[in-house]
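Geometric and topological summary
Each chain is listed here by its residues.
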Amino acid sequence: MMNQYESDIDSQNDVLTEPEQAQIPLFHVVMYNDNFTTMDFVVFVLVRVFAHGTDKAMALMMEVHHKGWAIVATLPKEIGEMKIAAVQEYAEQAEFPLLLTLQRA
């Protein structure tokens, strides 16, 4: 036979169980190497737009430089699109052809 306290515990478990949240699809923001965009500019946008620390930005810049590309962020699609647009605006102002794409994670 259940006592009053056991019954309360069972009802609390029901309350504490959260419904499953829908998973938001994530996308990789991929940055590509080119022969014109400066390394300093790449680090600048990685810090300014993607909020990476300087050390992480430097490491990503070197990965882009040596490998030809790197995933610089993984975000929901709309946020990734906004970040890419911000980088493109900076790149156009600086007259650099920096390319970024969005790929399903």
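Okay, so let's go over this structure. Just so you know, these numbers come straight off a predicted model, no measurement behind them. (Residues numbered from 1 in each chain as written. Predicted model: local features only at pLDDT ≥ 70, side-chain atom pairs only at ≥ 80, totals over all residues. Heavy atoms only, no water.)

Quick notes on the side chain of T37
Heads up, the condition is: Only DSSP runs of H or I with at least four residues qualify as helices, and only runs of E with at least two residues qualify as strands; both kinds are numbered from the N terminus onward. The contact definition used throughout considers only heavy atoms, calling two residues in contact when any of these lie within 4.5 Å.
With respect to the element layout, T37 can be found in the loop between β1 (26-32) and α2 (39-48). Each residue touching T37, except ones within four places of it in the same chain, is listed here: V42, F96, P97 and L98.

Notes on helix α4 (residues 77-94)
The test is simple: An expected span of 1.5 Å times one less than the residue number is assigned to each helix.
Over its 18 residues, α4 runs 26 Å from end to end, which matches the ideal 26 Å to within 8%, given 1.5 Å per residue. Buried positions along α4 lie against β1, α2, β2 (69-76) and β3 (99-104). E95 sits one or two positions beyond α4 and adopts a positive phi of about 60°.

Things to note about the packing of aromatic side chains
Operational definition: Two rings from Phe, Tyr or Trp (for Trp, the six-membered ring) form a pair when their centres sit within 6.5 Å of each other. Planes less than 30 degrees apart are called stacked, planes more than 60 degrees apart edge-to-face, and all others tilted. Only protein chains enter the calculation, and the probe is 1.4 Å; a residue is then buried if its accessible area is under 20% of its type maximum, exposed if over 50%, and partly exposed in between. The rule is short: NZ of Lys or CZ of Arg within 6 Å of the ring centre and within 35 degrees of the ring normal puts a charge over the ring.
The full count for this structure, using the stated rule, is 3 aromatic pairs. With a centroid separation of 6.1 Å and 40° between ring planes, the pair formed by F41 and F44 is classed as tilted. With F41 and F44 both in helix α2 and 3 residues apart, the pair spans about one turn of that helix. Take F44: its relative accessible area is 35%, and that puts it in the partly exposed class. A connected cluster of aromatic rings, assembled from ring pairs, spans F41, F44, Y90 and F96. Sitting above the plane of the W69 ring, K67 keeps its charged end 3.9 Å from the centroid.

Considerations on the nonpolar core
Formally: Here, nonpolar core refers to any group of buried Ala, Val, Leu, Ile, Met, Phe, Trp, Tyr and Cys residues whose side-chain atoms link them within 4.5 Å.
Within the largest apolar cluster, 22 residues are counted, with the highest numbers of intra-cluster contacts made by V29, M31, L46, F50, V72, L98 and L100. For this core, the elements supplying multiple residues, two or more each, are β1, α2, α3 (54-67), β2 and α4. Examining the composition of this core, we find that 5 residues originate from one element, α2, more than from any other. Beyond its immediate chain neighbours, meaning those up to four positions away, L100 contacts V29, V30, M31, Y32, F50, V72, I84 and V87.

Some points on the pairing of β1
Note the following rule: Here, a strand pair is defined by DSSP locating no fewer than two bridges between the strands.
When β1 meets β2, the two strands line up antiparallel, connected through 7 bridges. Its bridge partner being in β2, Y32 is matched across the sheet by W69. Relative to β3, β1 runs antiparallel, the two being bridged by 6 bridges. Within the sheet, the bridge partner assigned to M31 lies in β3 and is L100.

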